[in-house]
Amino acid sequence: MPLSAAALLCFSSIAAVFAQQSPPAAQQAPTDAAPQTSDDAPQSAEDKAAALKAKRDEVTKELQDLSQSIKLSTDKAEQLRQSIDALDKSSASLRQALIDSAARRKDLEQKITDSERKLADFGVREDAIRKSFRARRAVLAEVLGALERMGRNPPPALLVKPEDALGAVRTAILLGAVVPGMRKETEKLANDLQELANLRKASQAEREQMMASLQSRQEEESRMALLLDENAKLSERNSAQLQSELQRSQELAQKSASLQGFISSLENQVASVRTAMEQSKLEDQKRAQMTDAERAEAQNAPPDKNRIAPAFAFDELKAKLELPAAGDVLRTFGDPDGTGHDAKGIVIATAPAAVVTAPADGTVVYAGQFRSYGKMVILSPGSGYHIVLSGMDAVNVHAGQFVLSGEPIGAMGEKRVASAAAFSLETNRPTLYIEFRKDGNSVDSRPWWAKDAGKVRNDT
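Residues numbered from 1 in each chain as written. Predicted model: local features only at pLDDT ≥ 70, side-chain atom pairs only at ≥ 80, totals over all residues. Heavy atoms only, no water.

Visitor: Can you lay out the pairing of strand S9 (residues 408–411) for me, pointing to particular residues and giving the numbers?
Guide: Two strands pair when backbone bridges link them, and strand S3 (residues 355–357) and S9 are joined in this way by three bridges, in the antiparallel orientation. Across the sheet, residue Val355 finds its bridge partner in S9, namely Ala411. (Pairing = 2+ DSSP bridges. Helix = DSSP H or I, 4+ residues; strand = E, 2+ residues; numbered from the N terminus.)

Structure (structure tokens):
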């Protein structure tokens, strides 16, 4: 009786698995049953990376479709407008609200990225189990057939049928040779089926969590858009001068052949940038004249939210900066860039439409299109440093503007911008390029990032 129950359980489970496979997959079972199964030699790193990339692309497409289908309710949009209207509309309060909103949005985008990665891992493992089933189809059929026969015609019991003693002995000998192998295959099948069920359950839970994160991100995007509108209204007073300087910046961008020459031209020829750089130098000189006690007190004191210069010297911020966007670090300083040279910065693969924030206090030296880099923002955090961020689809700051650490400065697009910085990257996800420069030369930015700011991943 126990054998019959086991046979029925295995039959129903394996039938459900094979029934969910498409007819083409079933027809190709003899040919596409790859040798790399759960019992065989492990897959190569290239095969695993390719499978993960294919599955992640599939999940990303599903994520984009979900994002487009989510709409903010009228009631929620009205609540957001009322919360923005309740602010005192001062520059400090708006900027702090923007920083808080950007932090929440980056956290949500990181959760979405993590969920996307988990779903891809689950999908790859589920495919591997199904592939193993197809490769072991003949063995499983024999095991299940044997279990069914044993359940219908159980071996003779000596105490019940004493006249069949010879049959009982023969059966015992036969079962002694066969049962261990059958038990091993049956247990393995049951374990695979249980793992498959667990994967489906985990995938469903992860999808529900992703949907909640997508809805929250939609709300945060709307809040940020309202805040940016309010912030733009405060900056309209000098609109005429601003337009003149923006035009001048664009002309310099078209004429400059290199990034270094472009930055030098901006500092020399754009009035607002030149003034901001002079202010930054004065702050650096002031810090240099401080005593150790005064410097320690300044570092422990909360920064002034209305400041117009960096709160700290840039060299003092090592191991403290957060990445400007949530995502996976695909390339770091010194890695091959695909063109025969070493990378001068880092590349982050982000979620579509991800928010980009200022990694440190700084003056915007440039904001706009530059050659093939996509939309670019160049920040000057002082002490002769510049931070270059490119590959964005939109920017919401302008030259001469001072931004605080964590303040949103732009947003990514839906797909990767074709540029030299992102050349040879095997991903269609949006990529943000970040480069630190000191006195005109590229420097390794890794010492500045916090320990948990980002981990290098090459599975895309």
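Visitor: Run through the sheet that holds S9, naming residues and quoting values.
Guide: The strand order S3-S9-S7 describes an open sheet built from three strands, whose pairing is antiparallel. A single partner strand is all that each edge strand has here, and the edge strands are S3 and strand S7 (394–395). The sheet strands contacting helix H6 (residues 91–135) are S3 and S9, and the helix crosses S3 at an angle near 125°. (Contact = heavy atoms within 4.5 Å. Axes fitted to C-alpha atoms, helices over the stretch in contact; angles between N-to-C directions.)

Visitor: Help me get a handle on the packing of aromatic side chains, residues and values and all.
Guide: Applying the stated criterion across every chain, the model contains eight aromatic pairs. Ring centres of Phe314 and Tyr385 lie 4.9 Å apart, and the angle between their planes is 55°; this geometry places the pair in the tilted category. Placement of Phe314 in the loop between helix H12 (292–300) and strand S1 (327–331) and of Tyr385 in strand S6 (residues 385–392) is noted, with a sequence separation of 71 residues between them. Summarising the burial analysis for this pair, Phe314 and Tyr385 share the class buried. Measuring from centroid to centroid gives 5.5 Å for Tyr385 and Trp448, while their planes differ by 70°, and the two rings are edge-to-face. (Phe/Tyr/Trp six-rings, centres within 6.5 Å; stacked < 30°, edge-to-face > 60°. Buried < 20%, exposed > 50% of the residue type's maximum accessible area, 1.4 Å probe, protein only.)

Visitor: Account for the nonpolar core, with residues named and values stated.
Guide: In this structure, Phe314, Leu389 and Ile434 are the most contacted members of the largest nonpolar core, which totals 29 residues. Listed by contribution, the elements that provide at least two residues to this core are strand S2 (346–350), strand S4 (362–369), strand S5 (375–382), S6 and strand S10 (431–438). With four residues, S6 is the single largest residue contributor to this core. Apart from the residues lying within four places of it in its own chain, the contact partners of Phe314 are Leu321, Ala360, Pro381, Gly382, Ser383, Tyr385, Ile387, Phe436 and Trp448. Core analysis: the next-biggest nonpolar cluster, separate from the first, contains 16 residues, Ala253, Val365, Met376 and Ile378 among them. (Core = buried A, V, L, I, M, F, W, Y, C linked by side-chain atoms within 4.5 Å.)

Visitor: Describe in detail helix H10 (residues 259–269), supporting the description with residues and values.
Guide: Listed as buried for H10 are Leu259, Phe262, Ile263, Ser265 and Leu266. Down the axis of H10, the sector holding all buried residues measures 160°, keeping them to one side. (Arc of directions from axis to C-beta.)

Visitor: Describe the environment of Arg331, listing the residues and the values that go with them.
Guide: In this fold, Arg331 is placed in strand S1. For Arg331 and Gly345, which are 14 residues apart along the polypeptide, the C-alpha to C-alpha distance reads 8.0 Å. Here the side chain of Arg331 touches Pro336 through a polar contact of 3.5 Å, landing on its backbone oxygen. (Polar contact = N/O pair within 3.5 Å; in protein donor to acceptor, adjacent residues only side chain to side chain.)

Visitor: How would you summarise the packing of H10 against helix H11 (residues 271–288) if you had to cite specific residues and measurements?
Guide: Taken N-terminus to C-terminus, the directions of H10 and H11 make an angle of 90°; their axes are 5 Å apart at the nearest point. By the angle between their axes, H10 is roughly perpendicular relative to H11. Where H10 abuts H11, its residues Leu266, Glu267, Asn268 and Gln269 lie against Ala271, Val273, Arg274 and Met277. A breakdown of the residues in the contact of H10 with H11 according to their chemical character gives four nonpolar, two polar and two charged. (Parallel < 35°, antiparallel > 145°, perpendicular 65-115°, else oblique. Nonpolar A, V, L, I, M, F, W, Y, C, P; charged D, E, K, R; others polar.)

Visitor: Can you tell me about unusual backbone geometry, naming the residues and giving the values?
Guide: Look at Ala353: it is not a glycine, yet its phi comes out positive at around 65°. With respect to the element layout, Ala353 can be found in the loop between S2 and S3. At Asp439, a residue that is not glycine, the phi angle is positive and equals roughly 55°. Position of Asp439 relative to the elements: it lies in the loop between S10 and strand S11 (441–443). The class for Asp439 is exposed, based on a relative accessible area of 57%.

Visitor: Residue-level account of the pairing of S2, with values.
Guide: Of all five residues in S2, five are buried; the element is thus mostly enclosed. On S2, burial covers both faces: Ile346, Ile348 and Thr350 on one face and Val347 and Ala349 on the other are all buried. Sheet topology note: the S1/S2 ladder contains four bridges and is antiparallel. Following the sheet pairing, Arg331 is matched in S2 by Val347. As paired strands, S2 and S10 are joined by four bridges and run antiparallel to one another. Across the sheet, the residue bridging to Ile348 is Leu432, located in S10.

Note that every value here comes from positions in space, so none of it alone points to a role or purpose.
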